Amino acid sequence: MTASRPPASSDPRRPVSPAGGPAASPDADPPVSPGARPRPDAEDAAASPEDRTWLERARRLGRAGWGQVQPNPMVGCVLVKDGRVVGEGHHARYGGPHAEVLALETAGEAARGATAYVSLEPCAHHGKTPPCTRALLQAGVRRVVYGAADPGAESGGGGAALAAAGVDVVGPVWSEEEARAENPEFFHRLRHGTPWVALKLAMTLDARISAGPGLRTRITGPEAEREVHRLRSGFGAVVVGSGTARADDPRLTVREAPPGRVPPRRMVLDPEALLAPDAALLREGGAHAGPVDVFVAPDADGARVRRLRDAGAQVHPVPRSPEGLELGVVLETCSALGVGSLLCEGGQALAASFLRERRAHRLYLFVAPRTLGGEGLPAFTTDAGALDWRAARPAAPPELFGPDALLVYDLDGD
Ligand SMILES: NC(=O)c1ccc[n+]([C@@H]2O[C@H](COP(=O)([O-])OP(=O)(O)OC[C@H]3O[C@@H](n4cnc5c(N)ncnc54)[C@H](OP(=O)(O)O)[C@@H]3O)[C@@H](O)[C@H]2O)c1
């Protein structure tokens, strides 16, 4: 390994890949030391443009694990020999084989002398599966190029182990921002131990999220809707404010995309416990509907709280804040419930609170080519404490879903 950083990946404002963040549980694999930080981009990288192209393919393969591998990271691997792909694979199932092992299986003998492109540094430890470093060595892989360093206290260090065994190792090729953007929940958990939060809003060109306060308004089309359901499948929980629960009566389930490994919990911040016991959230059951959590104020009406519990909700009393409920305590409760990532789906007041308190780490903004005019409810408030937009950097290239555009931004301080 050489000692300089690849200039092309060190620009934090450079758009990086779309990604998302999956949901956590306490028995994460690989084990990590609390508070561990991603290793700096120390070892480099004489990564050629061709290396980066193959690594990009590995990254895209890894994304197929969205919703299925949490709380593990999404990882893809491509084995290349003489300019030709001889094997590839991705981590497809929590507890299942790692990407490298699947790629080696598909390559068979052809892996001997090949280059392995892996989006995450190969693991060096025996977790739920044996170390990938051992599998790569046994298969006779000559060179390994990896995108992100594995900061895991036990799983990390695979690059150095391979180099010590005589393999030509190049990595980490990606900047920290790029690595985090690909597996945000994974890296956030290692750094902070708290849920990673994304905020999703559907808005018009004039930045309105509904025709007016309390009005249910369809903003985006079915393609965007399907993408929202796909995103949900990779989160540990989906949350809305009581205003949205009342206006939209949402189910917050994954219906228009393949279900994830664990259905996301469905949460409402409802200080006065006003959610109707026959709300769609509470009526919707079955294997693909996650549990319902209602956060209420400690002094919420006892009879209403009992009705919600009788209707199947788990009710969590949380201290009041000037805007409603203390988001910090809500997030602590999420952690205690094993939720590693939270998708906030509005509405305006709750979104503003997450942004004002700097508790949102990513924005998914679906923009529809229409306007709603001055009567419409603005997506963003402009009060003094509102978000500093200079802190937002593109986390993915803009993408079209039917007529609607998706913009993804990561916010500083992940
Ligand atoms: N286009 C979109 O992406 C989208 C998404 C969602 C909603 N919407 C629209 O947005 C509108 C609803 O938005 P909204 O602003 O009226 O309601 P909201 O943000 O959904 O809910 C706000 C309420 O949540 C409760 N809350 C608890 N803790 C809070 C906190 N820390 N910060 C803020 N609120 C907290 C409060 O309930 P109490 O009042 O009981 O104290 C507060 O009034 C509807 O028209 C809906 O259709 C659009």
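Residues numbered from 1 in each chain as written. Predicted model: local features only at pLDDT ≥ 70, side-chain atom pairs only at ≥ 80, totals over all residues.

J.: Looking at this structure, how should I read the overall build of the protein?
T.: A tally of helices and strands in the protein yields 12 helices and 19 strands. For the protein, with 414 residues in total, the buried portion stands at 52%. By sequence separation, contacts in the protein at least 24 residues apart represent 77% of the contacts at least 6 residues apart. (Helix = DSSP H or I, 4+ residues; strand = E, 2+ residues; numbered from the N terminus. Buried ≥ 20, exposed ≤ 12 C-beta atoms within 10 Å, placed from the backbone. Contact = placed C-beta atoms within 7 Å.)

J.: It is not clear to me how the site of the ligand should be interpreted in this structure. Could you clarify?
T.: As a structural note, the neighbourhood of the ligand is formed by 34 residues, with Gly241, Gly243, Gly324, Gly346 and Gly347 the closest of them. Counting residues per element, the shell around the ligand draws most heavily on helix H8 (residues 242–248), which supplies 5 residues. Among the residues forming the shell around the ligand, the class breakdown is 16 nonpolar, 13 polar and 5 charged. (Near = placed C-beta within 6 Å. Nonpolar A, V, L, I, M, F, W, Y, C, P; charged D, E, K, R; others polar.)

J.: I'm lost on helix H1 (residues 49–62) in this one. Help?
T.: Three or four residues apart is the spacing at which side chains of an α-helix point the same way, because the helix has 3.6 residues per turn. Its 14 residues place the ends of H1 20 Å apart at the C-alpha level, agreeing with the 20 Å of an ideal helix rising 1.5 Å per residue. Listing the buried residues of H1 in full gives Asp51, Trp54, Leu55, Ala58, Arg59, Leu61 and Gly62. Down the axis of H1, the buried side of the element spans an arc of 160 degrees, and every buried residue falls inside it. Across from the buried face of H1, at angles greater than 90 degrees, the exposed residues are Pro49, Glu50 and Thr53. (Expected span 1.5 Å × (residues − 1). Arc of directions from axis to C-beta.)

J.: Even after reading the chapter, I still don't get the nonpolar core, so can you show me in this structure?
T.: Most often, soluble globular proteins have nonpolar side chains that are buried together. In terms of nonpolar packing, the biggest core is built from 64 residues, with Leu199, Val294, Leu342, Cys344, Phe354 and Ala360 touching the most fellow members. The element that contributes the greatest number of residues to this core is strand E6 (residues 196–204), accounting for 7 residues. Ignoring any residue separated from it by four or fewer positions in sequence, one finds Leu199 in contact with Cys344, Ala351, Phe354, Ala360 and Leu363. Among the nonpolar cores identified, the runner-up in size contains 49 residues, and Leu61, Val75, Cys132 and Ala179 belong to it. (Core = buried A, V, L, I, M, F, W, Y, C linked by C-beta atoms within 7 Å.)

J.: Whenever I open this one, the sheet that holds strand E5 (residues 168–170) confuses me. Can you help?
T.: As a general point, the strands of a sheet are linked pairwise by backbone hydrogen bonds and lie either parallel or antiparallel. Reading across from one edge, E2-E1-E3-E4-E5 is the order of the 5 strands in this open sheet, with mixed pairing throughout. Strands with a single pairing partner mark the edges of an open sheet, and in this sheet they are strand E2 (84–90) and E5. On average, each strand axis in the sheet is tilted by 15 degrees relative to the strand beside it, whichever way the strands run. As judged from the 6 bridges shared by strand E1 (residues 76–81) and E2, these two strands associate in the antiparallel manner. Paired with Val78 across the two strands is Glu88, which belongs to E2. Sheet strands touched by H1: E1, E2, strand E3 (115–120), strand E4 (143–148) and E5. Its angle to E1, the strand with the most contacts, is close to 140 degrees. Together, E1, E2 and E3 form the strand contacts of helix H2 (residues 99–107), whose direction differs from that of E2 by roughly 140 degrees. (Pairing = 2+ DSSP bridges. Axes fitted to C-alpha atoms, helices over the stretch in contact; angles between N-to-C directions.)

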